[in-house]
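Residues per chain, in single letters:
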Amino acid sequence: MGNTSSMLTQYDIEEVQQHCNKAFSQQEIVSLYERFCQLDRNGGGFVSAEEFLSVPEFAVNPLSQRLLRMVDGLNFKEFVAFLSAFSPRATLLQRIEFIFKVYDSDGNGKVTFNDMLDVLHDLTGQFISENQRKQVLTQVLDEAGYTKESLLVLSDFVKILGSSGLKMEVEVPVD
């Protein structure tokens, strides 16, 4: 499975399907494998951040630099696991875990006010001022029962987003 010139076996497909908690059908996994092979231009079995930037939708995403840190050097199984949060079959917890990882850019398991401010800046750019971002974020945290000094962990994200109708679906074209 590491060599992109090889074909996926039924065992490989089932293993990847288990690894991503059945977020994708077997047919979708085959389609994702074909896409992975297209992205892996040097055939090394891994997709680099630079190769990911060749996907137009990814390149224009305001969070692309944060996401690149999460995807650089992924093998196929990790590639599918990364994308599984966007599957219609993904659980709410899988989606929240993904969002938490986007905010937790240093991977320490804690999200600070500044981490959230950085993501808000990435999303809004120059459309709102730094002061406005701070005010909005302070108000949102306050309404959720937190302060600027709070260090949020995954369970806090689950508490805040758990009752939302969070949607992050991407269609996987199947030939």
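Keep in mind that this is a model prediction, so the values were computed, not measured.

### Focus: the overall build of the protein
Summing up its helical and strand segments, the protein has 10 helices and 0 strands in all. Reading the helices (α) and strands (β) of the protein from amino to carboxyl end gives α-α-α-α-α-α-α-α-α-α. The buried share of the protein, reckoned over its 175 residues, is 38%. Taking the intrachain contacts of the protein between residues at least 6 apart in sequence as the baseline, contacts between residues at least 24 apart amount to 61%. Summed over all atoms, the accessible surface of the protein reaches about 10,000 Å², with 53% contributed by carbon and sulfur. If you average the places of the 15 positive and of the 25 negative side-chain charges in the protein, the two averages end up 5 Å apart.

### What about the UniProt feature "domain: EF-hand" (unreviewed entry) in the protein?
The sites that UniProt annotates as "domain: EF-hand" (unreviewed entry) are residues 27-62 and 91-126. For the annotated span residues 91-126, helix accounts for 67% and strand for 0% of the residues, and the straight-line distance between the end C-alpha atoms is 34 Å.

### Notes on the state of the cysteines
Under the counting rule described, the total for this entry stands at 0 disulfides. No disulfide involves C20; its sulfur sits 16 Å from that of C37, the nearest cysteine. Under the relative-accessibility criterion, C20 is labelled buried at 1%.

### Topic: the nonpolar core
Counting 30 residues, the largest nonpolar core has F24, F76, F79 and V80 as the members making the most contacts within it. When residues of this core are traced back to their parent elements, those giving at least two are helix 1 (10-19), helix 2 (26-39), helix 3 (49-52), helix 5 (64-71), helix 6 (76-83) and helix 7 (92-103). Leave out the neighbours within four places in its chain, and F79 touches L32, F36, L39, F52 and L74. I96, V111, M116 and F157 belong to the second-largest nonpolar core, a separate cluster that totals 13 residues.

### Details of the pattern of salt bridges
Within this structure, the stated rule accounts for 5 salt bridges. As a salt-bridge pair, K77 and E15 come within 2.6 Å of each other at their nearest N and O atoms. Note that K77 is positioned in helix 6 and E15 in helix 1, a separation of 62 residues in sequence. For E15, a relative accessible area of 26% translates into the label partly exposed. One salt bridge connects R133 with E130, and the closest N-O pair in it is separated by 3.0 Å. Of this pair, R133 and E130 both sit in helix 9 (residues 130-143), 3 residues apart, which is roughly one turn of the helix.

### Regarding the side chain of S150
With respect to the secondary-structure elements, S150 resides in the loop between helix 9 and helix 10 (154-161). A residue is classified by how much of its surface remains accessible, and S150, at 17% relative accessible area, is buried. Polar contacts involving the side chain of S150 include one to the main-chain amide nitrogen of T147, which spans 2.9 Å. Residues in contact with S150, not counting those within four places in the same chain, are V111, T112 and F113.

### Structural notes on the environment of I99
Within the secondary structure, I99 is located in helix 7. Placed 52 residues apart in sequence, I99 and L151 show a C-alpha to C-alpha distance of 16 Å.

### Examining the packing of aromatic side chains
Summed over the entire model, instances satisfying the criterion amount to 12 aromatic pairs. Where F52 meets F82, the ring centres are 6.3 Å apart and the plane angle is 70 degrees; that geometry is what we call edge-to-face. Here F82 lies in helix 6 and F52 lies in helix 3, a separation of 30 residues in the sequence. F82 shares its class with F52; the two are buried. Relative to F157, the ring of F100 has its centre 5.0 Å away and its plane inclined at 90 degrees; by these criteria the two rings are edge-to-face. Here F157 lies in helix 10 and F100 lies in helix 7, a separation of 57 residues in the sequence. Among the residues examined, F100 registers a relative accessible area of 7% and is labelled buried. The exposure class of F157 is buried, given its relative accessible area of 6%. Three or more aromatic residues link up through ring pairs in this structure, and these residues are Y33, F36, F52, F58, F76, F79, F82, F86 and F98. If you follow K148 out to its NZ or CZ, it ends over the ring of F113, 5.4 Å from the centre.

Conventions used here
Residues numbered from 1 in each chain as written. Predicted model: local features only at pLDDT ≥ 70, side-chain atom pairs only at ≥ 80, totals over all residues. Heavy atoms only, no water. Helix = DSSP H or I, 4+ residues; strand = E, 2+ residues; numbered from the N terminus. Buried < 20%, exposed > 50% of the residue type's maximum accessible area, 1.4 Å probe, protein only. Contact = heavy atoms within 4.5 Å. Areas by Shrake-Rupley, 256 points an atom, 1.4 Å probe, with all protein chains shown as cover. Lys, Arg positive; Asp, Glu negative; His and termini not counted. Charge placed at Lys NZ, Arg CZ, Asp CG, Glu CD. UniProt positions renumbered as here; feature names shortened; annotations may be inferred. Disulfide = S-S within 2.5 Å. Core = buried A, V, L, I, M, F, W, Y, C linked by side-chain atoms within 4.5 Å. Salt bridge = Lys/Arg side-chain N within 4 Å of Asp/Glu carboxyl O. Polar contact = N/O pair within 3.5 Å; in protein donor to acceptor, adjacent residues only side chain to side chain. Phe/Tyr/Trp six-rings, centres within 6.5 Å; stacked < 30°, edge-to-face > 60°. Lys NZ or Arg CZ within 6 Å of the ring centre and 35° of its normal.

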